[in-house]
Amino acid sequence: MNKKVIIVEKITIEKAMIELDEVLEKTCDIADMLVQNYGIEINDEEFENILNIINR
């Protein structure tokens, strides 16, 4: 029988903000790369989708 386990980590607000900053930085790097390398600009919805993927 398969059992699912959920691990919950308690973090401080400061730690959460640092993690959010890192995710936003990665997302912006991807958006910049798309523009610079391929001339593709993304809209807010696409930016949010990339952010959600990185934040998983």
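Values in this document were obtained by computation on a predicted structure and should not be read as measured data.

The rules behind the values
Residues numbered from 1 in each chain as written. Predicted model: local features only at pLDDT ≥ 70, side-chain atom pairs only at ≥ 80, totals over all residues. Heavy atoms only, no water. Helix = DSSP H or I, 4+ residues; strand = E, 2+ residues; numbered from the N terminus. Contact = heavy atoms within 4.5 Å. Salt bridge = Lys/Arg side-chain N within 4 Å of Asp/Glu carboxyl O. Buried < 20%, exposed > 50% of the residue type's maximum accessible area, 1.4 Å probe, protein only.

A.B. asks: Before we go on, may I ask you to explain the side chain of T27 in this structure?
C.D. replies: By the secondary structure assignment, T27 is in helix α1 (residues 13-38). Once residues within four sequence positions are removed from consideration, T27 is found in contact with F47, I50, L51 and I54.

A.B. asks: Help me understand the pattern of salt bridges in this model?
C.D. replies: Where side chains of opposite charge bring their charged atoms close, a pairing between them can arise. According to the stated counting rule, one finds one salt bridge in the structure shown. Linking K15 and E19 is a salt bridge whose minimum nitrogen-to-oxygen distance equals 3.5 Å. On the criterion of helical spacing, the pair formed by K15 and E19 is a turn pair, its members being four residues apart in helix α1. For K15, a relative accessible area of 39% gives the class partly exposed. Residue classification places E19 among the partly exposed positions, given a relative accessible area of 34%.

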